[in-house]
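Here is what each chain is made of, one letter per residue.
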Amino acid sequence: MEIQELKEKVELHLSSVWKDNVKVSQIQHLSGGACQDNYALDLISKSGKQSLVLRTDKGASLLSSLSKRDEFKVAELVYKAGVKTPTPVFLEETSEVIGAPFFLMEKIGGKATGRYITKDKELDSYRKTQMVTDLASNLAKLHTVKPSSISDEELKQKLKLVTKENYVSIAILDLKQSLDELPEAHPAIELCLFWLESNAPAIDDIVLVHGDFRTGNFMMNSDGLQGILDYEFAHFGDRHEDIAWLCMRDWRFGRLNKEVGGFGDRKDFYDAYENTSGIPVDPFKVTFWEIMGNVRWAIGSAQQTERHLSGKDKGIELAAIGRRTAEMEWEAMRLIEEISNAI
């Protein structure tokens, strides 16, 4: 859809829903990655001016991603839990308006790019003093959302209700099924899945997991953390899963010695998380989920490339992501060797 047509359709729809004369004074396409389309909008109405972001899907979403309706509902839960995240504003569940469901959220300041978060001098002071603490405390608040605190039964089912006893086995089974659907063999991933099955730890509690908590999915500037973004992979699971995902080598953007997102140290993050949550972080569980995360990202990379190769959703970004598969396989096996030698 051309941007002028999008502008007109949004104006007409919001004017009808809000019973107001809504005008889009500015609209700009933002980067949304391989799966999302985002647009910055300035809306003017009788109630004033709002700077918002319109978020919708681009082409085919990844199989494990939430619908826009469910992603919006998760954002509402997280916002109410006190997490620093853009205010959810409006949800359109149908495809009738712009050809796909969409939602509107508050437009916040800052940048999310890996190079900026990990290396830009503008963040030097914040990076050294507060960045780790702010992210850890916000993640701990996110993890206060539990199945028992959600009244929306449909959303509960979409977030996959699991128990402490069956979650790990279900997670591994899901990966096995995704692997079987790929057209080529990945023996390294098979080996890693066998290790995961043989070394599964007990889980202390089932909580809401962000599912993609990493450098690139939070906005920052020199004033600090502006907001955590992107809940399309949220689900119920183990709190250590999010901590491990942030620590994965692929999200350090070249600063490999800073194991937390390319900007922090594990001990500092663990301590800050524990100070907010009151719950200890188990280093073995973090490593277990880090191995699982690398396997998941290896399979996800292969899936995205297959979207391109199959012709379903051709694009150079999807094609390029495929090279990450081998990198993730190597990292998962390296972690297995490292933790096996330490035991």
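For the structure itself, look to the data block above.
Residues numbered from 1 in each chain as written. Predicted model: local features only at pLDDT ≥ 70, side-chain atom pairs only at ≥ 80, totals over all residues. Heavy atoms only, no water.

## Some details on the side chain of Ser-15
By the secondary structure assignment, Ser-15 is in helix α1 (residues 3-18). At 2.9 Å, the side chain of Ser-15 and the backbone nitrogen of Val-22 are in polar contact. (Helix = DSSP H or I, 4+ residues; strand = E, 2+ residues; numbered from the N terminus. Polar contact = N/O pair within 3.5 Å; in protein donor to acceptor, adjacent residues only side chain to side chain.)

## As for the pattern of salt bridges
Oppositely charged side chains can pair when the atoms bearing their charge come close. Counted by the stated rule, this structure contains 30 salt bridges. The shortest N-O distance in the salt bridge between Glu-259 and Arg-266 comes to 2.5 Å. Judged by its relative accessible area of 17%, Arg-266 is buried. A single network of salt bridges, built from pairs that share partners, joins Arg-55, Asp-57, Lys-68, Glu-71, Asp-230 and Glu-232. (Salt bridge = Lys/Arg side-chain N within 4 Å of Asp/Glu carboxyl O. Buried < 20%, exposed > 50% of the residue type's maximum accessible area, 1.4 Å probe, protein only.)

## Brief notes about the packing of aromatic side chains
Aromatic ring pairs: the centre-centre distance and the angle between the two ring planes describe each pair. What the rule picks out here adds up to 10 aromatic pairs. An angle of 80 degrees between the planes, with centres 6.4 Å apart, marks the rings of Phe-218 and Phe-263 as edge-to-face. Of this pair, Phe-218 sits in strand β7 (residues 218-221) while Phe-263 sits in the loop between α9 (239-247) and α10 (266-277), and the two are 45 residues apart along the sequence. The class for Phe-263 is buried, based on a relative accessible area of 3%. Taken together, the ring pairs connect Tyr-167, Trp-195, Phe-288 and Trp-289 into an aromatic cluster. Between the NZ or CZ atom of Arg-214 and the centre of the ring of Trp-251, over which it lies, the distance is 4.3 Å. (Phe/Tyr/Trp six-rings, centres within 6.5 Å; stacked < 30°, edge-to-face > 60°. Lys NZ or Arg CZ within 6 Å of the ring centre and 35° of its normal.)

## What about the state of the cysteines?
Scanning the entire structure with this criterion turns up zero disulfides. With no disulfide partner, Cys-192 has as its closest neighbouring cysteine sulfur the one in Cys-247, 18 Å distant. Using a relative accessible area of 1% as the deciding quantity, one classes Cys-247 as buried. (Disulfide = S-S within 2.5 Å.)

## Here's the deal with the side chain of Ser-301
Tracing the backbone shows Ser-301 in helix α11 (residues 283-309). Take Ser-301: its relative accessible area is 0%, and that puts it in the buried class. At 2.8 Å, the side chain of Ser-301 and the backbone oxygen of Trp-297 are in polar contact. If we ignore the near neighbours within four places in the chain, the residues touching Ser-301 are Ile-321, Gly-322, Arg-324 and Thr-325. (Contact = heavy atoms within 4.5 Å.)

## Describing unusual backbone geometry
The backbone of Lys-160 shows a phi angle near 70 degrees, a positive value even though the residue is not glycine. Residue placement: Lys-160 occurs in the loop between α6 (153-158) and α7 (167-181). Taking relative accessible area as the criterion, Lys-160 reaches 45% and is therefore assigned partly exposed. Here the phi dihedral of Asp-230 falls at roughly 65 degrees; this positive angle occurs in a residue that is not glycine. In this structure, Asp-230 sits in the loop between β8 (224-228) and β9 (235-237).

## With respect to α7
Counted at 1.5 Å a residue, the expected span for α7 with its 15 residues is 21 Å, and the 21 Å between its end C-alpha atoms agrees. Buried within α7 we find Tyr-167, Val-168, Ala-171, Ile-172, Leu-175, Ser-178 and Leu-179. Projected down its long axis, α7 carries its buried residues within an arc of 135 degrees, all on one side. Exposed side chains of α7 directed beyond 90 degrees from the buried face belong to Asp-180 and Glu-181. (Expected span 1.5 Å × (residues − 1). Arc of directions from axis to C-beta.)

## Section: the nonpolar core
With 74 residues, the main nonpolar core has Phe-218 and Phe-269 as its most contacted residues. In this view, Phe-269 contacts Val-132, Leu-135, Ala-136, Leu-139, Phe-213, Ile-243, Leu-246 and Val-260; residues no more than four positions away in its chain are not counted. Counting 15 residues, the second-largest nonpolar core is a separate cluster that includes Val-10, Leu-14, Val-22 and Val-24. (Core = buried A, V, L, I, M, F, W, Y, C linked by side-chain atoms within 4.5 Å.)

## Quick word on the packing of α7 against helix α8 (residues 187-198)
Between two packed helices, the angle of one axis relative to the other and the distance separating the axes together describe the packing. Remark: α7 packs on α8, axes separated minimally by 11 Å, with the N-to-C direction vectors making an angle of 165 degrees. With respect to α8, the element α7 is oriented roughly antiparallel. Relative to α8, α7 is oriented so that their crossing is left-handed. Mapping the contact onto sequence places Ile-172, Leu-175, Lys-176 and Leu-179 in α7 and Ile-189, Glu-190, Leu-193, Leu-196 and Glu-197 in α8. Its residues assigned to classes, the contact of α7 with α8 shows six nonpolar, no polar and three charged. (Axes fitted to C-alpha atoms, helices over the stretch in contact; angles between N-to-C directions. Parallel < 35°, antiparallel > 145°, perpendicular 65-115°, else oblique. Left-handed = near helix turned anticlockwise from the far one by under 90°. Nonpolar A, V, L, I, M, F, W, Y, C, P; charged D, E, K, R; others polar.)

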